[in-house]
Amino acid sequence: MEFLSRLVALYATLFRKKPMDFTVHQAKGNKGLQKALGAFDLTMLGVGAVIGTGIFVMTGVVAAEHSGPAIVLSFLLSGIACAFAALCYAEFASMIPASGSAYTYGYTVFGELFAWILGWDLILEYGLACSVVASGWSAYFQELIRGFGLHLPTEISSAFNPSAGTYFDLMATVIVFALSLILLSGVKESSRINDIMVLIKIGVVLLFIVVGAFYVQPTNWTPFMPFGFDGVVQGAATAFLSYIGFDAVSSASEEVRNPQRDMPIGILSSLAVCMVLYVAVSLVLTGMVPYTKLNVGDPVAFALRFVHQDWVAGFVSLGAILGITTVLFVMMYGQTRLFFAISRDGLLPKSISRLTKGKKTPVFSILLTWGMATVFSALIPLGELAQLVNIGTLFAFICVSIGVVVLRIKRPDIKRNFKVPFVYVIPFLSVLACGYLMINLTGQTWIRFIIWFVIGLVIYFAFGFRHSELGKRKKQLQS
């Protein structure tokens with residue numbers, strides 16, 4: 001009987017839930033971040049995270065291998081599926097204006113251990129995403145300067161791989177360092193820089209659409225579905241991953257001046273802008289060039305060269321670099337706010353959440369993110385590890401979608417400035433779409449994900465369980 005009571009007590013401790021008013025109090029107190037962002041800044045963060053390699057690279061791959069000209073339908077289907085998860089994030093963001101994204105939401109709905117698992121999962125997502133994108137930025141930058149006859153020494157051109165003669169990716173290190181400096185300048189200043197880069201990137205995409213529209217040959221759209229509807233669905237499954245990144249917008253909740261109004265606007269409007277751009281680019285791209293020729297590393301620039309518009313292709317290359325830069329910036333931003341939120345709750349060392357007095361910048365969180373991204377991108381060949389970014393994101397989407405329904409049932413009294421319509425349908429569709437993608441990932445990806453999960457449990461029981469701020473608070477209330 002005593003063993004059973006101890007087991008019940010342990011369960012209650014592991015799954016202790018963080019009261020929503022305590023979370024909001026943390027965000028508003030001295031330990032909270034600076035309120036400096038509006039709906040426009042959030043939209044630019046979302047567009048910055050989503051419009052990158054997906055639009056400049058993935059469009060060609062999906063068209064050539066899966067969908068053909070029906071890639072338009074693939075991006076529409078995947079955008080709608082992604083919108084299901086976005087609606088769930090928007091409801092949570094309007095209720096809980098605090099950093100941490102899915103980690104913070106999970107703490108409120110499912111309890112501490114589950115929140116830690118989600119947070120540890122998101123550390124994997126953002127950390128690997130930063131590294132993958134930084135490596136991609138380096139490769140694209142080196143390709144660009146190669147056009148001017150400039151070459152980096154092989155030894156410092158890519159991550160550690162002695163068989164290929166490479167030991168260190170210099171340019172990945174440079175871009176991670178530069179963006180870390182921007183983050184250290186403060187959220188207001190860094191968001192302005194991001195806004196400018198995103199607007200230039202959108203301008204370049206629109207330039208391609210306008211110029212390319214004059215070279216569209218309707219005959220290139222036939223056959224419209226060369227791989228059948230199955231190809232459209234397979235293309236949608238691949239294209240879905242192009243939209244991943246909007247969830248980083250929810251990391252900014254605590255730094256928004258009017259989060260209850262602006263967070264849903266930022267999340268949903270950024271996804272809407274991205275969906276329109278993806279569909280428009282896909283339509284023009286497959287109209288300019290036969291889809292069979294688009295399986296190249298730079299399909300958008302290739303299409304312009306195909307119609308002898310080399311000067312526009314140069315601008316597109318610049319837009320691609322800016323696109324990848326803003327993706328990296330938002331991933332690094334999301335990682336810093338995640339480290340900050342977990343540390344503030346005591347599940348990681350408290351020093352990580354220390355803020356500067358003036359601009360309330362989480363310096364140590366930014367430095368930790370910089371160190372992690374630098375080591376991963378400069379030294380470690382990522383290869384198939386990139387798939388862990390996808391599985392981590394999809395897992396978070398599923399948990400947030402389930403959490404919306406659970407909270408509607410358990411806490412219908414909470415004021416919700418934004419509500420998911422058809423709450424017993426849309427979250428279910430979100431879980432279904434994300435679950436389908438997860439089960440289609442490789443076995444190696446699942447094994448690595450489970451290993452990361454086990455490592456996280458060890459760290460939680462070794463450190464977080466004993467240093468939890470919520471645990472300390474409950475002990476104080478009981479004494």
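For every chain, the first residue of the written sequence is number 1, and numbering continues from 1 along that sequence. The predicted origin of the model limits local features to residues at a pLDDT of at least 70 and limits the giving and counting of side-chain atom pairs to 80 or more, whereas totals for whole chains, interfaces and linings rest on all residues. Side-chain metrics rest on all non-hydrogen atoms present in the structure, leaving aside hydrogens and water.

As annotated in an unreviewed UniProt entry, the chain carries the name Amino acid permease and comes from Sporolactobacillus terrae. UniProt positions are given in the numbering used here, feature names are shortened, and annotations may be inferred rather than shown by experiment. What UniProt states about the chain under its Subcellular location (unreviewed entry) heading is, verbatim, "Membrane".

Turning to unusual backbone geometry, a few remarks are in order. With the exception of glycine, the majority of residues adopt a negative phi angle, and the majority of peptide bonds are in the trans configuration. With omega at -5 degrees, the peptide bond leading from threonine 222 into proline 223 counts as cis. Going along the chain from the N terminus, every DSSP run of H or I of four or more residues is numbered as a helix, and every run of E of two or more is numbered as a strand. One can find proline 223 in the loop between helix 9 (187-213) and helix 10 (228-243). One non-glycine residue with positive phi stands out, namely lysine 360, at about 55 degrees. Residue position: lysine 360 is located in the loop between helix 13 (310-344) and helix 14 (363-379). Of the residues examined, lysine 360 reaches a relative accessible area of 27% and is grouped as partly exposed. Even without being glycine, phenylalanine 422 reaches a positive phi, approximately 50 degrees. Position of phenylalanine 422 among the secondary structure elements: in the loop between helix 15 (387-410) and helix 16 (426-439). The classification of residues rests on relative accessible area computed with a 1.4 Å probe and restricted to protein chains. Under 20% of the type maximum is buried, over 50% is exposed, and intermediate values are partly exposed. Given a relative accessible area of 65%, phenylalanine 422 falls into the exposed group.

For Phe, Tyr and Trp, where Trp contributes only its six-membered ring, two rings pair if their centres lie within 6.5 Å, and the inter-plane angle classes them as stacked under 30 degrees, edge-to-face over 60, or tilted in between. Applying the stated criterion across every chain yields a total of 20 aromatic pairs. A ring pair is formed by tryptophan 446 and phenylalanine 449, whose centres lie 6.2 Å apart and whose planes are at 90 degrees; its orientation type is edge-to-face. Taken together, the positions of tryptophan 446 and phenylalanine 449, both in helix 17 (residues 443-467) and 3 residues apart, correspond to about one turn of that helix. Under the relative-accessibility criterion, phenylalanine 449 is labelled buried at 11%. Aromatic pair tyrosine 460 and phenylalanine 465: ring centres 6.1 Å apart, planes at 75 degrees, arrangement edge-to-face. For tyrosine 460, a relative accessible area of 0% corresponds to the buried category. A relative accessible area of 26% means that phenylalanine 465 is categorised as partly exposed. One aromatic cluster is present, formed by Trp116, Trp120, Trp452, Tyr460, Phe461 and Phe465 through successive ring pairs.

Turning our attention to the environment of phenylalanine 306. Along the chain, phenylalanine 306 turns up in helix 12 (residues 299-306). Exposure remark for phenylalanine 306: the relative accessible area of 34% places this residue in the partly exposed category. When the C-alpha positions of phenylalanine 306 and glycine 287 are compared, they lie 12 Å apart, and in sequence the two are 19 residues distant.

All right, on to the environment of arginine 416 then. Within the secondary structure, arginine 416 sits in the loop between helix 15 and helix 16. Residue classification places arginine 416 among the buried positions, given a relative accessible area of 10%. For the pair arginine 416 and proline 162, spaced 254 residues apart in sequence, the C-alpha separation works out to 55 Å. Contacts were defined at the residue level, with two residues in contact if any of their heavy atoms lie within 4.5 Å. Here arginine 416 is in contact with Glu91, Met95, Leu407, Arg408 and Arg411, once residues within four sequence places are set aside. Within polar-contact distance, the side chain of arginine 416 engages the side chain of glutamate 91 at 3.1 Å. We call two N or O atoms a polar contact when they sit within 3.5 Å, provided that within protein one can donate a hydrogen and the other can accept it, with sequence-adjacent residues counted only if both atoms are side-chain atoms.

Side chains that carry opposite charge are capable of pairing whenever their charged atoms lie near each other. Put simply, a salt bridge is a Lys or Arg side-chain nitrogen that is within 4 Å of an Asp or Glu carboxyl oxygen. Under the definition given, this model contains 13 salt bridges. A salt bridge links arginine 416 to glutamate 91, with the shortest nitrogen-to-oxygen separation between them at 3.1 Å. Of this pair, arginine 416 sits in the loop between helix 15 and helix 16 while glutamate 91 sits in helix 5 (residues 71-95); the two residues are 325 residues apart in sequence, bridging distant segments of the chain. Take arginine 416 and glutamate 91: they sit in the same class, and that class is buried. For arginine 337, the salt bridge identified is with glutamate 255, shortest N-O distance 2.8 Å. In this pair, arginine 337 is assigned in helix 13 and glutamate 255 in the loop between helix 10 and helix 11 (259-288), connecting sequence segments 82 residues apart. The exposure class of arginine 337 is buried, given its relative accessible area of 3%. For glutamate 255, a relative accessible area of 1% corresponds to the buried category. The network of salt bridges with common partners includes Asp41, Arg192 and Asp195.

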